[in-house]
Amino acid sequence: GAGVSQSPRYKVAKRGQDVALRCDPISGHVSLFWYQQALGQGPEFLTYFQNEAQLDKSGLPSDRFFAERPEGSVSTLKIQRTQQEDSAVYLCASSSYIPGLVDEQYFGPGTRLTVT
Amino acid sequence: AQSVTQLDSHVSVSEGTPVLLRCNYSSSYSPSLFWYVQHPNKGLQLLLKYTSAATLVKGINGFEAEFKKSETSFHLTKPSAHMSDAAEYFCVVSNTDKLIFGTGTRLQVFP
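Residues numbered from 1 in each chain as written. Chains lettered and ligands numbered in written order. Predicted model: local features only at pLDDT ≥ 70, side-chain atom pairs only at ≥ 80, totals over all residues. Heavy atoms only, no water.

Draft legend 1. Summary view of the overall build of chain B. Counting secondary structure elements, chain B contains zero helices and twelve strands. In sequence order, the secondary structure elements of chain B are arranged as β-β-β-β-β-β-β-β-β-β-β-β. Its C-alpha atoms give chain B a radius of gyration of 13 Å, near enough to 13 Å, the size a compact globule of 111 residues would have. Projected onto its principal axes, the C-alpha positions of chain B cover 40 × 25 × 20 Å. By the burial criterion, 42% of the 111 residues in chain B qualify as buried. By element, 51% of the accessible surface of chain B is carried by carbon and sulfur atoms, the whole surface being about 5,400 Å². Across chain B, the 9 positively charged side chains and the 8 negatively charged ones have centroids separated by 4 Å. (Helix = DSSP H or I, 4+ residues; strand = E, 2+ residues; numbered from the N terminus. Rg over C-alpha atoms; globule rule 2.2 N^0.38 Å. Buried < 20%, exposed > 50% of the residue type's maximum accessible area, 1.4 Å probe, protein only. Areas by Shrake-Rupley, 256 points an atom, 1.4 Å probe, with all protein chains shown as cover. Lys, Arg positive; Asp, Glu negative; His and termini not counted. Charge placed at Lys NZ, Arg CZ, Asp CG, Glu CD.)

Here is the structure:
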């Protein structure tokens, strides 16, 4: 079956522009996560959705970052007024939800954002 | 707070020799621990996971890891490296839903 897909795969933005990154999770997966991976680093958690509810946004680095999942499926990560430090790979992951258990997260290929 | 420390940023081995990638964890609770692999231009793939069942966990592609509570370690091993194992490996901890990644170990395999 289809895995997690992300678009675009590559995005170049001029400093100050707004960008929108899309994630299509595995069908039926309740949980959806966004991570940011800077060059040479491990991914860092940004935010988590269970269906359409954003349950944790503690990792969003500033109020320029905004994520939504209005119908509990596709999610969009929006970055306003991009800065050079926003340059990174943005990873989306999805998983099924099993109360009390940490289930495997399936990752998409990522969107590489370069801010010039 | 939870964290993982990957003790080596780079590991180089010859094809056919054993692989050891080291990871120590810190957690106030009984943790779930994972190893993920990232090949160039590919998504992260789960190798194996520990969730308080057997302490020796077997994963895909011949990898395994042993959970040692007394040493707070979760080292990844493979008896014989293959050229296709060259990649970035991440040790990961979680006790809720979000994953906390280590900084990664780049494995190089020489012929």
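Draft legend 2. Geometry of the interface of chain B and chain A. In this assembly, 19 residues from chain B lie in contact with 21 residues from chain A. Both sides of the chain B and chain A interface together cover about 1,600 Å² of buried area, and 54% of this is carbon and sulfur. The tally of links between chain B and chain A comes to one salt bridge. With its nearest N and O atoms 3.8 Å apart, the salt bridge here joins Lys 98 of chain B to Asp 56 of chain A. Connecting chain B to chain A are four residue pairs in polar contact (both at pLDDT 80 or more). For the side of chain B that touches chain A, the secondary structure elements donating two or more residues are strand S5 (32–38), strand S6 (44–50) and strand S10 (87–94) of chain B. Among the elements that take part in the side of chain B that touches chain A, S5 of chain B stands out by supplying four residues, more than any other. Tallied by class, residues from the side of chain B that touches chain A come to seven nonpolar, nine polar and three charged. (Contact = heavy atoms within 4.5 Å. Buried area = accessible area lost by both parts, 1.4 Å probe. Salt bridge = Lys/Arg side-chain N within 4 Å of Asp/Glu carboxyl O. Polar contact = N/O pair within 3.5 Å; in protein donor to acceptor, adjacent residues only side chain to side chain. Nonpolar A, V, L, I, M, F, W, Y, C, P; charged D, E, K, R; others polar.)

Draft legend 3. Seen up close, unusual backbone geometry. The linkage connecting Ser 7 of chain A with the following residue, Pro 8 of chain A, adopts the cis geometry, with an omega of -10°. By secondary structure assignment, the location of Pro 8 of chain A is in the loop between strand S1 (5–7) and strand S2 (10–13).

Everything listed here is a matter of coordinates, which is why it stays silent on function.
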